[in-house]
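If you want the building blocks of each chain, they are given just below.
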Amino acid sequence: MNCSYLSKSEIKKLEDTVKIMFDKKRNNIPFDVEYEYVKKTTELLFFLIPYRSFYIDRDLCSEFYLSMLNKTDHIINSYRIASNVPYLAYLHIILRTRTRTFVRLKNQREIKENKFITTYIKIENSMDVFEEEEEYLTESYIDEDPLEIDTDTTIENIIADISTSTPLDENNGDEEHDILVEFLKTKKNREKFLAFILNNINVLTDKEINLLSQIMNVSPNTIAKLSIKMHEINEERTIKRNNLYELKINNYWKRYIIIISELCDDSLSKEKRSELETQKAYLLSSIKRCREEKFNTNRGATIKVIAEETNNSTTCIGMWIREVDELLKKIEQIMET
């Protein structure tokens, strides 16, 4: 077992403190001080063991660390001192299993989130299709599709075709369906709806793309082509933006780990410990906020890109997206009642 994440003296102190803690617990003696030290060290090891022993990427380790914080008490209390297994070895085994599970589930989520982009392939006739063709992508359907476009068609032309296509004019008696059909009857509202789709395009699944295409009364292939073209435009900006977020998050993590290490010092005064706890809470909230912002900006084309490609202001696009979002939330509430 690789113990490069702790010195020999730190390992001895941890093991001795765990023994003292459980002895006091067994004899009904207060053990708050020992428990606090074990908890702080265990939380620190949630990051260090996967990073130093399992060679997991720093970014992934940080996500794993955040997911484990609410499990600290359970892991400590599940340890059996009578088993004669060192606490560090016990923790190593626990984290190896949990890290493997975390990485597997994260990979599954990423595959699902990226499915819309990655399930398209290029074929000889330059048409983008799903690896498993749906009924609407059969040859007869595509031949009859009035919106079939060449790969050289501009984004402006695709948006114009979608926003000016003949809207649905039939109601089926469902209130939520009728609200959406009525909203999409005007060209301006179809532009608003399209802006919302583009802003969330990367998190939409194939079935959702198919459904949205039916609602817009256009070919799914048209929206797919628009998505790919927007992705090509947005890709370079996305990479730069993600790199900036990663740099910011890593800086937060460096400061956070230093604070965690300092909190393990028993000689700290109450004032200093309180100050460090405040800094720790701030850094943790900052890391979570950055991750949320990074996720939200990767949902699809940014408001700025959409504004540039549709010749509108960013304020206008932002208002459009919020309007459609509120409409969909209203429809969702109706469906739940």
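No experiment lies behind these values; they were computed from the predicted model shown.

Trainee: Please explain the overall build of the protein as it appears in this structure.
Mentor: Across its full length, the protein carries 15 helices and 2 strands. The burial tally for the protein puts 43% of its 337 residues in the buried class. Within the structure as shown, the protein displays about 19200 Å² of accessible surface, and the carbon and sulfur contribution to it stands at 51%.

Trainee: Could you clarify how one ought to interpret the pattern of salt bridges in this entry?
Mentor: Two side chains with opposite charge may pair up if their charged atoms get near one another. In this structure the tally under the stated criterion is 15 salt bridges. E34 is the salt-bridge partner of K24, the closest N and O atoms lying 2.7 Å from each other. Residue K24 is located in helix α1 (residues 8-26), and its partner E34 is located in helix α2 (residues 32-53); the two are separated by 10 residues in the primary sequence. When its relative accessible area of 25% is taken as the criterion, K24 is described as partly exposed. A salt bridge links R291 to D59; the shortest N-O distance between them is 2.9 Å. Here R291, found in helix α13 (residues 270-297), pairs with D59, found in helix α3 (residues 58-68); they are 232 residues apart in sequence, far enough to count as distant. Classification of R291 by relative accessible area gives buried; the value is 15%. Classification of D59 by relative accessible area gives buried; the value is 16%. Counted as one network, the salt bridges with shared partners bring together D59, E63, K106 and R291.

Trainee: Would you take a moment to explain the packing of α1 against α2 for this structure?
Mentor: Helix packing geometry: the angle between the two helix axes and the distance between the axes. It is the contact of α1 with α2, at a shortest axis distance of 9 Å, that shows an interaxial angle of 135°. Taken together, the axes of α1 and α2 lie oblique to each other. As for how α1 packs across α2, the hand of that crossing is left-handed. Residues E10, K13, L14, T17, V18, I20, M21 and K24 of α1 pack against E34, Y35, Y37, V38, T41 and L45 of α2. Residue classes in the contact of α1 with α2 are distributed as 8 nonpolar, 2 polar and 4 charged.

Trainee: Just checking my understanding: could you explain the packing of α2 against α3 for this structure?
Mentor: Here α2 crosses α3 at 150°, and the two axes come no closer than 9 Å. Here α2 lies roughly antiparallel to α3, going by the angle between them. You can see that α2 and α3 cross each other, and the crossing is right-handed. Contacts between α2 and α3 involve E43, F46, F47, P50 and Y51 from the former and R58, C61, S62, F64, Y65 and M68 from the latter. Of the residues that constitute the contact of α2 with α3, the class distribution is 8 nonpolar, 1 polar and 2 charged.

What counts and how
Residues numbered from 1 in each chain as written. Predicted model: local features only at pLDDT ≥ 70, side-chain atom pairs only at ≥ 80, totals over all residues. Heavy atoms only, no water. Helix = DSSP H or I, 4+ residues; strand = E, 2+ residues; numbered from the N terminus. Buried < 20%, exposed > 50% of the residue type's maximum accessible area, 1.4 Å probe, protein only. Areas by Shrake-Rupley, 256 points an atom, 1.4 Å probe, with all protein chains shown as cover. Salt bridge = Lys/Arg side-chain N within 4 Å of Asp/Glu carboxyl O. Axes fitted to C-alpha atoms, helices over the stretch in contact; angles between N-to-C directions. Parallel < 35°, antiparallel > 145°, perpendicular 65-115°, else oblique. Left-handed = near helix turned anticlockwise from the far one by under 90°. Contact = heavy atoms within 4.5 Å. Nonpolar A, V, L, I, M, F, W, Y, C, P; charged D, E, K, R; others polar.

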